[in-house]
Amino acid sequence: MRIWVNGELRPAEDARVSVLDHGLTVGDGVFETLRVSQGRPFALTRHLDRLTRSARGLGLPAPDLDEVRRACAAVVEANPVELGRLRVTYTGGISPLGSDRGDEGPGLVVALGEVARRPDTTAVVTVPWTRNERGALTGLKTTSYAENVVALARAHEQGASEALFANTADRLCEGTGSNVFVVLDGQLLTPPVASGCLAGITRALAVEWTGAEETDLPFDVLDRAEEIFLTSTLRDVQAVHRVDGRELPGAPGPVTAKAMRVFDERAAGDIDP
């Protein structure tokens, strides 16, 4: 594996950042994860636009997107995989210990790892912790990810691949690394960005391509939804067959199956929608 680190490709064993990098010491960084299929990153422009929005929201200088594109292209070329996860990490760079930023400029790391295709259905659990829809980092894809690590570990302990959060108002929000859609009375719905969820790239495409409605939803909608599915970069559209102890027989249901088919067809027809 060869990894882009601050301006150049390096072998994995030599790909190092400083122990004083603010992304490491205080989580002062943002990132994007892209799906790479047969050497082609999907929705690169949308991901780089969100990387810029996240960086600005964190108070970091806007990334040089030409450099990020060069880095992505170099990493993809150097690491041929059939299906991969391309990770772009942009940090506050070398800084003093503590919350103050240094003046040496930001850091950029791009890496690619091979992944297997996800199954068509999965199990999820709900967790007792909440998303703060009014927090300083709400809507930003930052490297401050520890609460997701904790929640995902809880999911794995219960035989699930994802954990779902409510927000502080007990409204349905999102998963640790996914957005959630539900079907009620045959209508496809998903929480609005105002709920505190990340404005997922796959979420936005699914809304655009399926006509799903963004609407405020109580957290207990998961107890009565006819169908549920997740969206994310590596899941695309993935049906849910169990929420906690509740089984959803026949998953993927008809609305989810149509969404899966539409997404696959549209994504195959446009690598950078």
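The sections below set out a description of the structure shown in this document. (Residues numbered from 1 in each chain as written. Predicted model: local features only at pLDDT ≥ 70, side-chain atom pairs only at ≥ 80, totals over all residues. Heavy atoms only, no water.)

With that settled, consider the overall build of the protein chain. The helix and strand tally for the protein chain stands at six helices and 15 strands. Relative to the globule expectation of 19 Å for 273 residues, the C-alpha radius of gyration of the protein chain, 19 Å, shows essentially globular dimensions. For the protein chain, the spread of C-alpha atoms along the three principal axes comes to 55 × 40 × 30 Å. Of the contacts formed within the protein chain by residues at least 6 apart in sequence, a portion of 69% connects residues at least 24 apart. Carbon and sulfur atoms provide 50% of the accessible area of the protein chain, an area that totals close to 12,600 Å². On the protein chain, the mean spot of the 29 positive side-chain charges and the mean spot of the 39 negative ones are 2 Å from each other. (Helix = DSSP H or I, 4+ residues; strand = E, 2+ residues; numbered from the N terminus. Rg over C-alpha atoms; globule rule 2.2 N^0.38 Å. Contact = heavy atoms within 4.5 Å. Areas by Shrake-Rupley, 256 points an atom, 1.4 Å probe, with all protein chains shown as cover. Lys, Arg positive; Asp, Glu negative; His and termini not counted. Charge placed at Lys NZ, Arg CZ, Asp CG, Glu CD.)

A surface patch of nonpolar side chains, amounting to about 500 Å² of accessible area, comprises Val-19, Leu-20, Leu-24, Ile-94 and Leu-97. Among the structural elements, Leu-20 can be located in the loop between β2 (8–11) and α1 (22–25). For Leu-20, a relative accessible area of 34% corresponds to the partly exposed category. (Patch = residues over 30% accessible without salt bridge, like charges linked within 9 Å, V, L, I, M, F, W, Y side chains within 5 Å. Salt bridge = Lys/Arg side-chain N within 4 Å of Asp/Glu carboxyl O. Buried < 20%, exposed > 50% of the residue type's maximum accessible area, 1.4 Å probe, protein only.)

Moving on: the side chain of Thr-91. Mapped onto the secondary structure, Thr-91 falls in strand β5 (residues 83–91). Its relative accessible area of 9% is what places Thr-91 among the buried residues. For Thr-91, the side chain forms a polar contact with the side chain of Asp-21, separated by 2.9 Å. Separated by 3.1 Å, the side chain of Thr-91 and the backbone nitrogen of Gly-93 make a polar contact. Setting aside its immediate chain neighbours within four residues, Thr-91 contacts Asp-21, Gly-23, Asp-28, Gly-29, Leu-60, Pro-106 and Gly-107. (Polar contact = N/O pair within 3.5 Å; in protein donor to acceptor, adjacent residues only side chain to side chain.)

With that settled, the discussion passes to the environment of Tyr-145. With respect to the helices and strands, Tyr-145 occurs in the loop between β7 (121–131) and α4 (146–157). Note on Tyr-145: relative accessible area 29%, which makes it partly exposed. C-alpha separation for the pair Tyr-145 and Gly-177, spaced 32 residues apart in sequence, amounts to 9.7 Å. Residues within four places of Tyr-145 in sequence aside, it is in contact with Phe-31, Thr-176 and Gly-177.

The quantities given are spatial measurements derived from coordinates; they are silent on function.
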